[in-house]
Amino acid sequence: MTYQFKIQIKGITKPPVWRRILVPDSFTFQQFHFVIQEAFGWENAHLYSFSDKAYGGSFYISEPDEMDAFSFVPRKDASKLKLRTFWGKDSSKSLVYWYDFGDDWIHTIKLEAVSDEALLHARCLAGKGTCPPEDCGGVPGYEYMKGLLEEDPESEEAQEMREWLGLEDGETWDANYFNLEATNLYLSQL
């Protein structure tokens, strides 16, 4: 089977940042993590977890950790648990994907459709918005960065931000930018 998911970063508007992707049901949650990383343009530099809620979830799906023995919340190994084991054909279930426990990038994951299509690789169908850069301070930091670059682009702080982002002279940060073709190229290499 193939799952069609809509994944959106919570708290970001104007524009929202989301991706609609197709994923084989045979993928593990670890593989799904890599798909999300590529689809959004993250760098896979931080820890992650899937759960029913970002904070205080009743279970977590993540990489095994030596601290798991001290946890009161059941934790499942992302490298072993397959998507079909969790979802089956039940599109009423949704999850959150929490990436970078410091910046707290919370993504909502909604299963939109299940098909009998046999798919070998993940594929992105659509998306909107540029993924925030790693380590920018979460949603508040990203919104501040966007505002600074739009409202006061000539300020010293904006120039430092442009340098940190690796922007060339005359290049701007486009919060609306999304390249479907490039995203699918990255996904095909997983």
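For the structure itself, consult the block above.
Structural notes, computed from the coordinates. (Residues numbered from 1 in each chain as written. Predicted model: local features only at pLDDT ≥ 70, side-chain atom pairs only at ≥ 80, totals over all residues. Heavy atoms only, no water.)

1. What to know about the pattern of salt bridges
For step 1, the next point in the chain: Scanning the model with the defined rule gives five salt bridges in all.
For step 2, the next point in the chain: For Glu 112, the salt bridge goes to Arg 20, with nearest N and O atoms at 2.6 Å. Of this pair, Glu 112 sits in strand E7 (residues 105-115) while Arg 20 sits in strand E2 (residues 18-24), and the two are 92 residues apart along the sequence.
For step 3, the next point in the chain: Of the charged contacts, one joins Glu 143 and Lys 146 as a salt bridge, the two residues approaching to 3.4 Å between their closest N and O atoms. Taken together, the residues span about one helical turn, with Glu 143 and Lys 146 both in helix H3 (residues 138-151) at a distance of three residues. (Salt bridge = Lys/Arg side-chain N within 4 Å of Asp/Glu carboxyl O. Helix = DSSP H or I, 4+ residues; strand = E, 2+ residues; numbered from the N terminus.)

2. Description of the side chain of His 33
For step 1, the next point in the chain: By the element assignment, His 33 lies in helix H1 (residues 29-40).
For step 2, the next point in the chain: If near-sequence neighbours (up to four positions away) are discounted, His 33 is found in contact with Asn 44, Tyr 48, Phe 50 and Tyr 97. (Contact = heavy atoms within 4.5 Å.)

3. Regarding the nonpolar core
It is characteristic of soluble globular proteins that their nonpolar side chains tend to be buried jointly.
For step 1, the next point in the chain: Core analysis: the largest hydrophobic core is formed by 46 residues, its most contacted members being Phe 5, Phe 29, Phe 32, Phe 50, Trp 87 and Ile 109.
For step 2, the next point in the chain: Take this core: its biggest share by element is six residues, from H1.
For step 3, the next point in the chain: Other than its neighbours up to four places away in sequence, Trp 87 contacts Tyr 3, Phe 5, Phe 29, Phe 32, Lys 93, Leu 95, Ile 109 and Leu 111. (Core = buried A, V, L, I, M, F, W, Y, C linked by side-chain atoms within 4.5 Å. Buried < 20%, exposed > 50% of the residue type's maximum accessible area, 1.4 Å probe, protein only.)

4. Focus: the sheet that holds E7
For step 1, the next point in the chain: Strands sit in the order E5-E4-E3-E6-E7-E1-E2-E8 across an open sheet of eight strands; the sheet is mixed. In this open sheet, the two strands that pair with only one neighbour each are strand E5 (75-77) and strand E8 (123-128). The average undirected angle you get between the axes of adjacent strands in this sheet is 25°.
For step 2, the next point in the chain: Pairing geometry for strand E3 (residues 48-51) and strand E4 (residues 60-62), over two bridges, is antiparallel. Paired with Phe 50 across the bridge in E4 is Ile 61. (Pairing = 2+ DSSP bridges. Axes fitted to C-alpha atoms, helices over the stretch in contact; angles between N-to-C directions.)

5. A closer look at the packing of H3 against helix H4 (residues 156-165)
For any two helices packed against each other, the geometry comes down to the angle between their axes and how far apart the axes lie.
For step 1, the next point in the chain: Look at H3 against H4: their axes get within 9 Å of each other, and the N-to-C directions meet at 115°. Taken as a pair, H3 and H4 cross one another with a handedness that is left-handed. Side by side, H3 and H4 meet where Tyr 144, Met 145, Leu 148 and Leu 149 of the first sit next to Glu 157, Ala 158, Met 161, Arg 162 and Leu 165 of the second.
For step 2, the next point in the chain: Per-class residue counts for the contact of H3 with H4 are seven nonpolar, no polar and two charged. (Left-handed = near helix turned anticlockwise from the far one by under 90°. Nonpolar A, V, L, I, M, F, W, Y, C, P; charged D, E, K, R; others polar.)

6. Concerning the packing of H1 against helix H5 (residues 180-188)
For step 1, the next point in the chain: The contact between H1 and H5 brings their axes to 8 Å, and the two run at 150°. In terms of orientation, H1 lies roughly antiparallel with respect to H5. The element H1 and its partner H5 pack so that their crossing is right-handed. Contacts from Val 35, Glu 38 and Ala 39 in H1 reach Thr 183, Tyr 186 and Leu 187 in H5.
For step 2, the next point in the chain: Of the residues contributing to the contact of H1 with H5, the split by class is four nonpolar, one polar and one charged. (Parallel < 35°, antiparallel > 145°, perpendicular 65-115°, else oblique.)

7. Observations regarding the pairing of E3
The two faces of the sheet receive side chains in turn, since in a regular strand these alternate between them.
For step 1, the next point in the chain: Residue alternation in E3 divides its side chains into two sets, Tyr 48 and Phe 50 and Ser 49 and Ser 51, and both sets are buried.
For step 2, the next point in the chain: Bridge analysis of E3 against strand E6 (residues 94-99) gives four bridges, and the strand direction is antiparallel. Across the sheet, residue Ser 51 finds its bridge partner in E6, namely Val 96.

8. Observations concerning the packing of aromatic side chains
For step 1, the next point in the chain: Enumeration over the complete set of coordinates arrives at 21 aromatic pairs.
For step 2, the next point in the chain: Residues Trp 42 and Trp 105 carry aromatic rings whose centres are separated by 5.2 Å and whose planes lie at 40° to one another, so their mutual orientation is tilted. Within this pair, whereas Trp 42 is found in the loop between H1 and E3, its partner Trp 105 is found in strand E7, the two being separated by 63 residues in sequence.
For step 3, the next point in the chain: The class for Trp 42 is buried, based on a relative accessible area of 6%.
For step 4, the next point in the chain: Residue Trp 105 is classed as buried on the basis of its relative accessible area, which comes to 0%.
For step 5, the next point in the chain: With a centroid separation of 6.4 Å and an interplanar angle of 75°, the aromatic rings of Tyr 142 and Trp 173 are classed as edge-to-face. With Tyr 142 in helix H3 and Trp 173 in the loop between H4 and H5, this residue pair connects regions lying 31 residues apart in the sequence.
For step 6, the next point in the chain: Judged by its relative accessible area of 0%, Tyr 142 is buried.
For step 7, the next point in the chain: The exposure class assigned to Trp 173 is partly exposed, which follows from its relative accessible area of 22%.
For step 8, the next point in the chain: The positively charged end of Arg 19 is found above the aromatic ring belonging to Phe 40, 4.9 Å away from the centroid. (Phe/Tyr/Trp six-rings, centres within 6.5 Å; stacked < 30°, edge-to-face > 60°. Lys NZ or Arg CZ within 6 Å of the ring centre and 35° of its normal.)

Any link to function would need more than the numbers given here.
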